Amino acid sequence: MEEQLAELAAKVAELEAAGGGAAVTNTMFAETFYYITIPLMILIHAGFLAYEMGASRLKNVLSSGVKNILAFAFVIPTFYFFGWWVYWGFPTGLPGAPGPAGISGVEYANAIAWGWGDSAQYMGPNIADQASGVFFGAFALFAATTASIMSGAVIERIQTIGFIILAIVLGSFAWVVAAAWGWHADGWLVTQWGVHDFGAAGLVHAVAGFFALGVLINLGPRIGKFNADGTANHIPGHNMPLTVVGLMLIIVGFWGFLMACVIVPGEAWSWFGDKPSTIYGTPITLSALSFNILMAVAGGIIGSWVMTRDPFWMMSGALAGIISTASGLDIYYPALAFIIAFSAGVILKPCADWLENRGIDDAVGAVTVHGTIGLYGVVMLGIWGSGFPALQGAAGEAPTISFVGQLIGAVVFFLLGFVPGYVCSFILKMFGLLRVREGAERAGMDLVKVPAAGYPEWGTNAPVTPAHPAE
């Protein structure tokens, strides 16, 4: 009998050890999963760096690159010091009351999202917490990406200090409010209107795109962009191959961006113990993302190719394809993702032309690619995903996706981008901090703002030529 008891005890100990090992394995998987998303999303910034420098003239190459480097550098600490707190503190809006899921409100944010005091245990080294740092890291890269989206639209004429201020406002506040309201289980847009934006088409891309529009209105066009009769001139960048490669790097980074939108299972903070979910607690698989992202990239490229034959717009179409489907990548079937992305590629260039015809000089089409197509993607989910659960919950009790809800979300995301972009840039303009002086712009910003030359043996200028249709 004693031998049997000893054998039974040994088996129990073995099972307990196996269970503990499984828990450790899962925790390490969760930590590694989000850790990997961070360098993948940094590839987005490598892409923006190449993309914008290639789209600049020789005299402005390095100044365009410096903006991207500084946007990344300033948004990370500002997101740490207050952006992360805003995300957890205000999903229900002002005054920061707790939401129904109990993971929001000012008191909750004070407990987990400050870098000092008692909450510092979650915002620094802690061997008992393998999640907070990597999860914060993924969100911080979302913030930096949002700021970089605005960067390309304003190249070749914005002041460095003014740009940094705008990047901080966008990356560590404006989009964070949108995320708190529409990308959080307690967000009022989610709980009251069923807004669903899995891949952040609205709360990252549209917010950033229309923030850029607000800035562009106050910043004004580059010298030589428009003629006296209002017609536009084409101002070519110095290196189209670099721009196209940069856009492809952004596509690579998007895999990390969308991967980071998935909540892995089996942790104390997970929605499920046995399956991944969206940030809303609705089910998703990486398999679904693989199907839909690939189809979206292809659809966007083909749609833009049909309309333009232009490699810049084809690769921009790849971005538009992903952005147009991002809200519903967890729901769409691949054929539908392809159709939506194709349509986004088709309308991309005409929408950019419409904006240009109204005197807006968006140097890389960021307002259209991210803003217009971002809202298009949010609204498309209201058409094709209507009736699907927007948030985890009991059948009949959880909010569902609807066209009206997605439309309301689109309007809110537009306002959260455009209003702060316009107001902040207007204030900067009043104080002379928005645009460089005419002489500096004509001479080239590298000459007056950067102590180096991108191509010293080539000179600095590139000609302004009349606009021409893509052939």
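Note: the structure precedes this text.
Summary of the structure given here. The structure presented is a predicted model; accordingly, all values stated were derived computationally and were not measured.

### Focus on the overall build of the protein
Okay, step 1: Each helix and strand counted, the protein has 15 helices and two strands in total.
Okay, step 2: Across its three principal axes, the protein shows a C-alpha extent of roughly 100 × 45 × 45 Å.
Okay, step 3: Classification of the 471 residues of the protein by burial places 54% in the buried group.
Okay, step 4: Positive and negative side-chain charges in the protein, numbering 16 and 28 respectively, have mean positions lying 21 Å apart.

### A few points about unusual backbone geometry
Okay, step 1: Put simply, L94 and P95 share a cis peptide bond, and its omega is 10 degrees.
Okay, step 2: Topologically, P95 is positioned in the loop between α2 (61-89) and α3 (106-112).
Okay, step 3: In the Ramachandran plot, R309 falls in the positive-phi region, its phi being about 65 degrees despite a non-glycine side chain.
Okay, step 4: Among the secondary structure elements, R309 is positioned in the loop between α9 (286-308) and α10 (311-326).

### A short note on the nonpolar core
Within soluble globular proteins, side chains that are nonpolar generally end up buried alongside one another.
Okay, step 1: Within the largest apolar cluster, 124 residues are counted, with the highest numbers of intra-cluster contacts made by W84, F139, W175, W183 and F257.
Okay, step 2: Top contributing element to this core by residue count: helix α4 (residues 132-153), with 14 residues.
Okay, step 3: Not counting the four nearest positions on each side in its chain, F257 is found in contact with M41, I44, F142, T145, G199, A200 and V204.
Okay, step 4: Residues I331, L336, A390 and I401 belong to the second largest nonpolar core, which totals nine residues.

### As for the packing of aromatic side chains
Okay, step 1: Here the structure, examined in full by the defined rule, presents 38 aromatic pairs.
Okay, step 2: Relative to W313, the ring of F312 lies with its centre 5.1 Å away and its plane at 80 degrees, an arrangement referred to as edge-to-face. Here the two residues F312 and W313 agree in accessibility, since each one is buried.
Okay, step 3: Taken together, a centroid distance of 6.4 Å and an interplanar angle of 25 degrees make the contact between F338 and F342 stacked. Residue F338 and its partner F342 are located together in helix α11 (residues 334-356), separated by four residues, close to a single helical turn.
Okay, step 4: Judged by its relative accessible area of 26%, F338 falls in the partly exposed class.
Okay, step 5: The exposure class assigned to F342 is partly exposed, which follows from its relative accessible area of 29%.
Okay, step 6: When the ring centre of F163 is taken as origin, the NZ or CZ atom of K67, which lies over that ring, is 4.7 Å away.

Rules used throughout
- For every chain, the first residue of the written sequence is number 1, and numbering continues from 1 along that sequence.
- Two thresholds apply to this predicted model, a pLDDT of at least 70 for residue-level local features and 80 or more for giving and counting side-chain atom pairs, whereas whole-chain, interface and lining totals are computed over all residues.
- The side-chain numbers reported here are obtained from all heavy atoms of the structure, hydrogens and water having been left aside.
- Segments assigned H or I by DSSP are reported as helices when at least four residues long, segments assigned E as strands when at least two residues long, and all are numbered from the N terminus.
- Note on exposure labels: buried denotes an accessible area under 20% of the residue type's maximum, exposed denotes more than 50%, and partly exposed covers the range between, all computed with a 1.4 Å probe on protein chains only.
- Under the convention used here, Asp and Glu are negative, Lys and Arg are positive, and both His and the chain ends fall outside the count.
- Where a charge lies is defined by one atom per residue type: Lys uses NZ, Arg uses CZ, Asp uses CG and Glu uses CD.
- In plain words, nonpolar cores are sets of buried Ala, Val, Leu, Ile, Met, Phe, Trp, Tyr and Cys residues tied together by side-chain atoms within 4.5 Å.
- Working rule for contacts: check all heavy atoms of both residues, and any pair within 4.5 Å makes them a contact.
- Stacked, tilted and edge-to-face are the three classes assigned to paired rings of Phe, Tyr and Trp, where Trp is represented by its six-membered ring and a pair needs centres within 6.5 Å; plane angles under 30 degrees give stacked, over 60 edge-to-face, the rest tilted.
- A ring is considered to have a charge above it if a Lys NZ or an Arg CZ atom is located within 6 Å of its centre and within 35 degrees of its normal.

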